[in-house]
Amino acid sequence: MATTQISKDELEELREAFCKVDLDSNGYISDYELHDLFKEANLPLPGYKVREIIQKLMTDGDKNKDGKIGFEEFVFIVQELKSSDIAKTFRKAINRKEGICAIGGTSELSSEGTQHSYSEEEKYAFVNWINKALETDPDTKHVLPMNPNTNDLFRALGDGIVLCKMINLSVPGTIDERAINKKKLTPFTVQENLNLALNSSSAIGCHVVNIGAEDLKAGKPHLVLGLLWQIIKIGLFADIELSRNEALAALLRDGETLEDLMKLSPEELLLRWANYHLENAGWQKINNFSSDIKDSRAYFHLLNQIAPKGQKEGEEKIDINMSGFNEKDDLKRAEHMLQQADRLGCRQFVTPADVVSGNPKLNLAFVANLFNKYPALTKPENQDIDWSLLEGETREERTFRNWMNSLGVNPHVNHMYSDLQDSLVILQLYEKIKVLVDWSKVNKPPYPKLGANMKKLENCNYAVDLGKHTAKFSLVGIGGQDLNDGNQTLTLAVVWQLMRRYTLNVLEDLGDGQKVNDDTIVNFVNQTLKDSGKTSSIQSFKDKAISTSLPVVDLIDAIQPGSINYDLVKTGTLSEEDKQENATYAISMARRIGARVYALPDDLVEVKPKMVMTVFACLMGRGMKKV
């Protein structure tokens, strides 16, 4: 088939179409998703023809040679199809897939006729999840419960309160409740709530680069659902990690170490967990939460394995009724299965239709919720396991990881060191700080079985070389091997310099390219405080006065006068608890006035100079935007 050119407007439409097909939002389309799409389009293509297209894609269209169907490869497929009669049917299928609804003209960047789409199934699932999660919260009574069959969701999130509450449910303590405007809302205080929600979302690792407060206020469905899914997913995945749940070590296979298990993503751990229970049930393993669970039979066995057996003191025994297992109709069988899930209090995220259609995103959420309520795992005893590896993520590591993820790096960083061992994420971060990367020199996955580590090491060597010679980082004593080995101290040193440069670049952009360093930021802080009649000041980012958070609070009030409620700020001789309260309030208020702060309250209380620098730099950036 001859390829044809794709216009700019069509490219944007294809970007949205790609997102619709990429239902698990991992940046790639799997072969079965593509196959299902052709099938749903009623295209006159037998299975072998679909395989031929995929094979051709992997040979001719795989631009970056990573063996995956990314956006560029997706465009190649459409170019191949565009000149044929099946293109229109193909596009119709995209809009019909998974209950997609189309709405016109929701992006200022797109042409007037461009349509953005969203999934009715996702809306339905998220509304029910939020209704249940916040049903007793007095601050959300004005919008809850929402009707999942209407557009209540897009209106209810418009004042930012529900979003802030959902963020705190996913990562408790992220937002100080005192910073949320809850009564007598005005357009200005709503804007503050939405700023708080967006900047807090970014701080917990959500990618919010293309989402603004106006988008949320207008209730743009595709953006609202995209952000909500990220927030909900972070909460669902929070405990699917070895350092938080040592019983996950029960999933170790012969010959594996704890370190091997720690490298798995939450999605991979969930799949292994499900297969662990299916194996114990004598049922065949599954490879995904889409096509392999459509008949509900694996779910029946999973529920039967994890249901409480009443063996622990005070534990109620729940017997799963397996009679629906042999129901011939797929939808009815799925309904029987979900009735059993309901007995466990786990009928969330999926309807029978979502199970039968194999919606990967919602089925993933369904399984994650099952795991969180009934892991049914026992920590291995008397095994040769080095438990000292499970130290857990440090605060600094979590901050850096969330920063990287908020910038939309691919793959998503789940583990600070193992996920950086091929330097692909680090090289993407170089581009974020305006360091040119020659991608023709970069090896991309899938790596060959033989020599995989050598390919990764070459990437790491290139990353260190770029840092030393182009970015002019201080990397004395750091080599590519250190990144490849996952050396914690040296990897952190590289990531910190990337984050620092990124922060300073933002300030230089606002200041017409003027160079910014620590002294520049300190001088800005002190001058701004002085000009506003504040008595606080700082000598450096190590100044012990910062432990009270008073200089931060005063700077916020200086940048946006009247924003701080000083009745909530503790002064005088402060206890550790007082300092913590001030810091929590300060961080949330910084985000509320529009500063994208990644640091945590503890960083202020303990006066961690690196993180303190980012707080003041972000506030300086906010101050420089002031008209």
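For the structure itself, consult the block above.
Cut-offs and rules
Residues numbered from 1 in each chain as written. Predicted model: local features only at pLDDT ≥ 70, side-chain atom pairs only at ≥ 80, totals over all residues. Heavy atoms only, no water. Phe/Tyr/Trp six-rings, centres within 6.5 Å; stacked < 30°, edge-to-face > 60°. Helix = DSSP H or I, 4+ residues; strand = E, 2+ residues; numbered from the N terminus. Buried < 20%, exposed > 50% of the residue type's maximum accessible area, 1.4 Å probe, protein only. Lys NZ or Arg CZ within 6 Å of the ring centre and 35° of its normal. Axes fitted to C-alpha atoms, helices over the stretch in contact; angles between N-to-C directions. Parallel < 35°, antiparallel > 145°, perpendicular 65-115°, else oblique. Contact = heavy atoms within 4.5 Å. Nonpolar A, V, L, I, M, F, W, Y, C, P; charged D, E, K, R; others polar. Core = buried A, V, L, I, M, F, W, Y, C linked by side-chain atoms within 4.5 Å. Left-handed = near helix turned anticlockwise from the far one by under 90°. Salt bridge = Lys/Arg side-chain N within 4 Å of Asp/Glu carboxyl O.

A.B. asks: Is there a simple way to explain the packing of aromatic side chains in this structure?
C.D. replies: Two aromatic rings, taken as a pair, are described by how far apart their centres are and by the angle between their planes. Using the criterion set out here, one finds ten aromatic pairs in the structure. Between Trp273 and Phe371, the ring centres sit 5.3 Å apart and the planes meet at 90 degrees, which makes this aromatic pair edge-to-face. Here Phe371 lies in helix 17 (residues 360-373) and Trp273 lies in helix 13 (residues 266-280), a separation of 98 residues in the sequence. Residue Trp273 shares its accessibility class with Phe371, and that shared class is buried. Taken together, the ring pairs in this structure connect Trp283, Phe300 and Phe325 into an aromatic cluster. Against the face of Phe325 rests Arg297, its NZ or CZ located 5.4 Å from the ring centre.

A.B. asks: I tried to follow the packing of helix 8 (residues 161-170) against helix 11 (residues 221-237) on my own but got confused; where do I start?
C.D. replies: Helix-helix packing is described using two parameters, namely the angle between the two axes and the distance between the axes. Their axes nearest at 7 Å, the elements helix 8 and helix 11 cross at an angle of 25 degrees. Taken together, the axes of helix 8 and helix 11 are roughly parallel relative to one another. When helix 8 is examined against helix 11, the residues Leu163, Met166, Ile167 and Ser170 are found in contact with a partner set consisting of Leu227, Leu228, Ile231, Ile232 and Gly235. Of the residues contributing to the contact of helix 8 with helix 11, the split by class is seven nonpolar, two polar and no charged.

A.B. asks: I keep staring at the nonpolar core and nothing clicks. Help me out?
C.D. replies: Across soluble globular proteins, you tend to see nonpolar side chains buried next to one another. Counting 171 residues, the largest nonpolar core has Trp273, Tyr430 and Ile521 as its most contacted members. Examining the composition of this core, we find that ten residues originate from one element, helix 11, more than from any other. In this structure, Tyr430 is in contact with Val435, Val437, Ala463, Leu466, Gly467, Ala471, Phe473 and Leu498, ignoring residues within four places of it in sequence.

A.B. asks: I tried to follow the packing of helix 18 (residues 395-406) against helix 22 (residues 488-510) on my own but got confused; where do I start?
C.D. replies: In contact at an axis separation of 11 Å, helix 18 and helix 22 are set at 50 degrees when each is read in the N-to-C sense. In terms of their interaxial angle, helix 18 and helix 22 are classed as oblique. Crossing angle aside, the handedness with which helix 18 passes helix 22 is left-handed. Facing Glu396, Glu397, Thr399, Phe400, Trp403 and Met404 of helix 18, the residues of helix 22 in contact are Gln488, Leu492, Val495, Trp496, Leu498, Met499 and Tyr502. Grouping the constituent residues of the contact of helix 18 with helix 22 by class yields nine nonpolar, two polar and two charged.

A.B. asks: Help me understand the pattern of salt bridges in this model?
C.D. replies: If the charged atoms of two oppositely charged side chains come close together, the side chains can form a pair. What the rule picks out here adds up to 33 salt bridges. With its nearest N and O atoms 2.7 Å apart, the salt bridge here joins Glu256 to Arg272. Highlighted residues: Glu256 in the loop between helix 11 and helix 12 (258-262) and Arg272 in helix 13, separated in sequence by 16 residues. By sharing partners, the salt bridges in this structure join Asp137, Asp139, Lys165, Glu177 and Lys182 into a single network.

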